[in-house]
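If you want the building blocks of each chain, they are given just below.
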Amino acid sequence: MTLTITDTGIRRSLQIKNRWNPSRPFYVPALARAFRPDFSFSEQNSEDALKARREKKKNNIIDDDSSSFSEGVTFESEIGQRRYQFCLKTIGQEVRRENPELVELVVTSLLRATECDVARTLHRAQQYFDFYVDVFGKLSFKQTLKDDEQLRKSFESGVLQVLENCDDKGRSAIILLFNRMLPEQTESSGMQMIRMINYIILRTLKNYPTAQKHGIIVIPDMGGFSYENYSFSNGRTNLYVISKFLPCKIHKFCLLRPLYFVKFVLPALKSFVFPGPMSANVHILTQDPRDLLREPINLRAEILPPMYGGTNTSYDFIPRLRGWELEEEETEFSEMGSSNHHNDNNNNNNNNNNREEEIGDDKESGFARELFKRQDQFGNDIAMDCARAPSRESNDLNDDDDDFSSHNNEEDKTSGGGNFLTSCDDTNTYDSADDKSFTNKSFEVL
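Residues numbered from 1 in each chain as written. Predicted model: local features only at pLDDT ≥ 70, side-chain atom pairs only at ≥ 80, totals over all residues. Heavy atoms only, no water.

Chemist: How do you make sense of the overall build of the chain when you look at a structure like this?
Modeler: When helices and strands are counted, the chain shows 18 helices and seven strands. Counting all 446 residues of the chain, 51% fall into the buried class. Sequence separation of 24 or more characterises 77% of the internal contacts of the chain that already satisfy a separation of 6 or more. (Helix = DSSP H or I, 4+ residues; strand = E, 2+ residues; numbered from the N terminus. Buried < 20%, exposed > 50% of the residue type's maximum accessible area, 1.4 Å probe, protein only. Contact = heavy atoms within 4.5 Å.)

Chemist: Please clarify how unusual backbone geometry should be interpreted in this entry.
Modeler: For residues that are not glycine, phi is negative in most cases, and the peptide bond is trans in most cases. With omega at -5 degrees, the peptide bond leading from E295 into P296 counts as cis. Within the secondary structure, P296 is located in the loop between strand 7 (282-284) and helix 14 (317-339). Residues other than glycine seldom take positive phi values, yet N165 does so here, at roughly 50 degrees. Of note, the phi angle at R257 is positive, near 50 degrees, even though the residue is not glycine. Relative to the assigned elements, R257 resides in the loop between strand 6 (250-255) and helix 13 (260-273).

Chemist: Is there a simple way to think about the pattern of salt bridges in this case?
Modeler: Oppositely charged side chains can form a pair if their charged atoms are brought close together. Scanning the entire structure with this criterion turns up 21 salt bridges. The salt bridge partner of R112 is E76, with a shortest N-O separation of 2.7 Å. Of the two residues, R112 sits in helix 7 (residues 100-113) while E76 sits in the loop between helix 4 (67-70) and helix 5 (78-91), which places them 36 residues apart along the sequence. Judged by relative accessible area, R112 falls into the buried class, the value being 8%. A salt bridge links D167 to R171, with the nearest nitrogen and oxygen atoms 2.7 Å apart. The network of salt bridges with common partners includes E149, R152, K153, E156, R322 and E325. (Salt bridge = Lys/Arg side-chain N within 4 Å of Asp/Glu carboxyl O.)

Chemist: I tried to follow the packing of aromatic side chains on my own but got confused; where do I start?
Modeler: Two aromatic rings, taken as a pair, are described by how far apart their centres are and by the angle between their planes. Under the definition given, this model contains 15 aromatic pairs. Between F155 and Y199, the aromatic rings sit 5.7 Å apart at their centres with planes inclined by 55 degrees, giving tilted as the arrangement. In this pair, F155 is assigned in helix 9 (residues 149-156) and Y199 in helix 10 (residues 187-207), connecting sequence segments 44 residues apart. Take F155: its relative accessible area is 0%, and that puts it in the buried class. (Phe/Tyr/Trp six-rings, centres within 6.5 Å; stacked < 30°, edge-to-face > 60°.)

Chemist: Is there a simple way to explain the packing of helix 5 against helix 8 (residues 118-136) in this structure?
Modeler: A pair of packed helices can be characterised by two numbers: the angle between their axes and the separation between those axes. At a closest axis distance of 11 Å, the pairing of helix 5 and helix 8 adopts a crossing angle of 40 degrees. Viewed along their axes, helix 5 and helix 8 adopt a mutual orientation that is oblique. Taken as a pair, helix 5 and helix 8 cross one another with a handedness that is right-handed. Here R83, F86, C87, T90 and I91 of helix 5 come into contact with helix 8, specifically with V118, T121, L122 and F129. Counted by class, the contact of helix 5 with helix 8 contains six nonpolar, two polar and one charged residues. (Axes fitted to C-alpha atoms, helices over the stretch in contact; angles between N-to-C directions. Parallel < 35°, antiparallel > 145°, perpendicular 65-115°, else oblique. Left-handed = near helix turned anticlockwise from the far one by under 90°. Nonpolar A, V, L, I, M, F, W, Y, C, P; charged D, E, K, R; others polar.)

Chemist: For this particular structure, what's the right way to read the side chain of R171?
Modeler: Among the secondary structure elements, R171 is positioned in the loop between strand 3 (160-163) and strand 4 (172-177). A residue is classified by how much of its surface remains accessible, and R171, at 4% relative accessible area, is buried. Not counting residues up to four positions away in its chain, the partners in contact with R171 are E47, L163, E164, N165, C166, H214, G215, I217 and H251.

These values are about where atoms sit, not about what they do.
Dropping the structure here:
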């Protein structure tokens, strides 16, 4: 897998290009169809789709133990770990060296979301890496609150928040408060919102593996919002980024306290904005936030603050930011500590690498034979699926989606077959109920 500066179309999507139709009272963005959301990844990896695939595999097995398919392939299993190693080897050491923590998190999250489907994981990972390079300039860039004061102040405005472990499956809810957005919507503010969405989702996926597996709930809250401040281009771009690039699956999309205009117009545009089976997981709620506690949303009342119909009076997002900053400091400290031993172990590592290179080809060939021939353990025709991009044909952007078959052989020859292990924290850092008091204080929005 190779990384180059790829135009993912995000900045072009934020550009305001209107065409006037005299028969209609509104401006229609000329690039609306080119950047329509693509939720095919979430649809293919929904709980219903995963269950259907498991049943199909189970019915096709004869005289074999199908216990592994009855529950699906888990990331923690032996098969899941072997597929994890295969994905890292396919991505290649050169890409992994640029930002090892990010690459490991993306691969781990996607494998959990797809029940260790290698083809979907590699395709989505390539899309996200292209997005990351396009937004931040290089994959080695590390997004932190400590080094990005504008990002930290944007979060302090409260425009974007998260509720972890908010339902019985351990999903997380990303809440967008429209009434705290800037009145003037520019391309720079749109890019800042994309960076915020990227940071908050990556941080949530890192701390909560249950959100990796079961997905994320997106809740735009339009309470107290004025339609004059709404930017169609920014809203469309946010949906485009979340649905097409980020390394997570979207479980539901719940529009809370919508404007009357949106409440009546969105159902008519639902098939366009949310095409395919994803439209069944889009819910337009009422002005009553207690809808989040009812069917089919069923969020936990003890996690939600009172402003969303819950009983968690101790919720406050500002201490959450302080906790994230401490996590960044701990990560930086651990990286500095590990680098102190680099020189002492350099000679030993070189000797070990030489021995691994001698046997790397044998390991690779044996692993590939086992992966592509034993379909009872590794799924449906991965060799063919890896060469097929699972995105919608209706999305005419980047029609030549990434083809991994042309890169796998090159990376297998150059990567040297080294192991790249990781450990993902399967325990929640803290629950929402442990936070301080919730406040409706309005912060300065940047």
